[in-house]
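Fold and contact review
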Amino acid sequence: MFLPEVSVVVPVYNGEADLPDLIECLRSQTYPPNKVEYLIVDNNSRDRTSTIIQTAASNPPELRGGSNFNRITIRHLTENQIQSSYAARNKGIHASTGEIIAFTDADCRPESDWLENLVKPFVDLEIGISAGEILALPGKTILEQHADRQNTLSQKHTLAHPFCPYGQTANLAVRRLVLQQIGLFRPYLTSGGDADLCWRILRETSYKLHFAQNAIVRHRHRSTIKQLQSQWYRYGESNKYLHELYGVDLMREFTAQEYFYRLARWLFKEFPVAAAKSALAKPSKRIDRSDLVDLFNTPIGLLNVRARSIGQRQAKLPLAAWEIERF
């Protein structure tokens, strides 16, 4: 059976609310515990992140049902010099020992067979990158459910990128040998580093990318307008950074007239039609949250497009971001 040594790297910034659930997910992995290490890298957090990691790394899990609940190896690392998740990932890579290096994030919840399915494709020596799928955690707010409907974080979007496919670091694994060949993440990049890493691998080597659809992590979508706008602003920054690094096309910005037209069409056509359909389908019931997601799909989408446009317009690639860290 193909069971290489694996290192899982998780960057964390102010993750005290997410870490307990993440660690439970790591302890539930079906991949043999003696074949994997989990390197959790605190990127200068100001909450209880460090304490939680230290406790998890030093204390064995409780006995459950009379047997140990996966005694896994957790290593606590810190990256306090550079405020960037990519610098934190590099710190984990440097400290890693695995043949395969996998990545996920603190606000992700890997399913129990996630790592097993993510690593399987590497039995083929031509595979240099394995990207798993990213699905939504159950959301209660309209914004969370909107993002779920749009499959906002699905790898299917990034794997279909017109310039070159890539996988997001929320669910990604790479051969150590490949990183030794092409380098690590750009430590001073703050967005777009997953695309940059994958593109360098696919353009500079003969290795291939495999989509491991059954390797699933679930991600919590943003629940407030402020969080959502920040997320899409960073998408705009990523567009600009990758444009400067690779010359990829920038996203076309909407004109004021286009925003006005789309809002007017929504207000006078889409909204009344969606409301009427909901009333006909549920004549005796109040409009529920799923109906509201349909009713407000267009304005939420326009807010996201606007935030991404602003991010793209304001972003400027730092000179230091051209630096590629090496093993």
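Above this text is the structure in question.
This section reports on the structure supplied with the text. (Residues numbered from 1 in each chain as written. Predicted model: local features only at pLDDT ≥ 70, side-chain atom pairs only at ≥ 80, totals over all residues. Heavy atoms only, no water.)

Concerning the nonpolar core
Counting residues in each nonpolar core, the largest one holds 35 residues, and the members touching the most others are Phe-103, Val-174, Trp-199 and Ile-201. Of all the elements in the fold, those that place two or more residues in this core are strand S2 (36–42), helix H3 (85–95), strand S6 (100–103), strand S8 (127–136), strand S9 (172–175), helix H7 (176–182), helix H8 (193–204) and helix H9 (225–246). Element by element, the count of residues in this core is highest for H8, at five residues. Residues Ile-40, Ile-74, Ala-106 and Ala-212 belong to the second largest nonpolar core, which totals 34 residues. (Core = buried A, V, L, I, M, F, W, Y, C linked by side-chain atoms within 4.5 Å. Buried < 20%, exposed > 50% of the residue type's maximum accessible area, 1.4 Å probe, protein only. Helix = DSSP H or I, 4+ residues; strand = E, 2+ residues; numbered from the N terminus.)

Digging into the side chain of Arg-200
Within the fold, Arg-200 resides in helix H8. A distance of 2.5 Å separates a polar atom in the side chain of Arg-200 from the backbone oxygen of Leu-184. Arg-200 has contacts with Ile-182, Gly-183, Leu-184, Phe-185, Arg-186, Thr-205, Tyr-246 and Ile-324, leaving out every residue within four places of it along the chain. (Polar contact = N/O pair within 3.5 Å; in protein donor to acceptor, adjacent residues only side chain to side chain. Contact = heavy atoms within 4.5 Å.)

Comments concerning the pairing of S2
With seven of its seven residues buried, S2 lies for the most part within the structure. Both faces of S2 are covered, namely the face carrying Val-36, Tyr-38, Ile-40 and Asp-42 and the face carrying Glu-37, Leu-39 and Val-41. Note that strand S1 (residues 6–12) and S2 share seven bridges and pair parallel. The partner of Val-9 across the bridge, within S2, is Leu-39. (Pairing = 2+ DSSP bridges.)

Describing the pattern of salt bridges
Here the structure, examined in full by the defined rule, presents 13 salt bridges. In this structure, the salt-bridge partner of Asp-18 is Arg-109, at a minimum N-O distance of 2.8 Å. Of the two residues, Asp-18 is situated in the loop between S1 and helix H1 (19–27) and Arg-109 in strand S7 (residues 108–110); the sequence distance between them amounts to 91 residues. Residue Asp-105 is joined to Arg-89 by a salt bridge in which the shortest nitrogen-to-oxygen separation is 3.0 Å. With a gap of 16 residues between them, Asp-105 in the loop between S6 and S7 and Arg-89 in helix H3 connect regions that are remote in the sequence. (Salt bridge = Lys/Arg side-chain N within 4 Å of Asp/Glu carboxyl O.)

Description of H1
Every buried residue belonging to H1 is among Leu-19, Leu-22, Ile-23, Cys-25, Leu-26 and Arg-27, and all of these are buried. Residues of H1 that are buried sit in contact with S1, S2, helix H2 (49–58), strand S5 (73–78) and S7.

So, the packing of aromatic side chains
If you walk through the whole model with that rule in mind, you get 11 aromatic pairs. Ring centres 5.9 Å apart and planes at 85° place the aromatic pair Tyr-166 and Trp-199 in the edge-to-face group. Here the residue Tyr-166 occupies a position in the loop between helix H6 (155–158) and S9, and Trp-199 occupies one in helix H8, the gap between them amounting to 33 residues. Geometrically, the ring pair formed by Trp-266 and Phe-271 is edge-to-face, given 5.5 Å between the ring centres and 75° between the ring planes. Trp-266 sits in the buried class, given a relative accessible area of 12%. With relative accessibility at 27%, the residue Phe-271 sits in the partly exposed group. Here the aromatic cluster, defined as three or more aromatic residues joined through ring pairs, consists of Phe-163, Tyr-166, Trp-199 and Tyr-246. (Phe/Tyr/Trp six-rings, centres within 6.5 Å; stacked < 30°, edge-to-face > 60°.)

Some thoughts on the side chain of Gln-155
One can find Gln-155 in helix H6. Residue class for Gln-155 comes out buried when judged on its relative accessible area of 0%. At a separation of 3.0 Å, a polar atom in the side chain of Gln-155 contacts the main-chain carbonyl oxygen of Gly-132. Only 2.8 Å separates the side chain of Gln-155 from the backbone nitrogen of Gln-168, close enough to count as a polar contact. Setting aside residues no more than four positions away along its own chain, Gln-155 makes contact with Ala-131, Gly-132, Glu-133, Ile-134, Tyr-166, Gly-167, Gln-168, Asn-171 and Phe-211.

Some details on the sheet that holds strand S10 (residues 208–219)
With mixed pairing, the eight strands of this open sheet are ordered in space as S5-S2-S1-S6-S9-S8-S10-S7. Because the sheet does not close on itself, it has two edges, and the strands there are S5 and S7. In this sheet, adjacent strand axes meet at a mean angle of 30° when their direction is disregarded. One ladder, built from three bridges, connects S7 with S10; its direction is antiparallel. The partner of Arg-109 across the bridge, within S10, is Arg-218. Relative to S5, H2 is tilted by about 150°, and along the sheet it contacts S1, S2 and S5. (Axes fitted to C-alpha atoms, helices over the stretch in contact; angles between N-to-C directions.)

Such coordinate-based values are descriptive only and should not be taken to indicate function.
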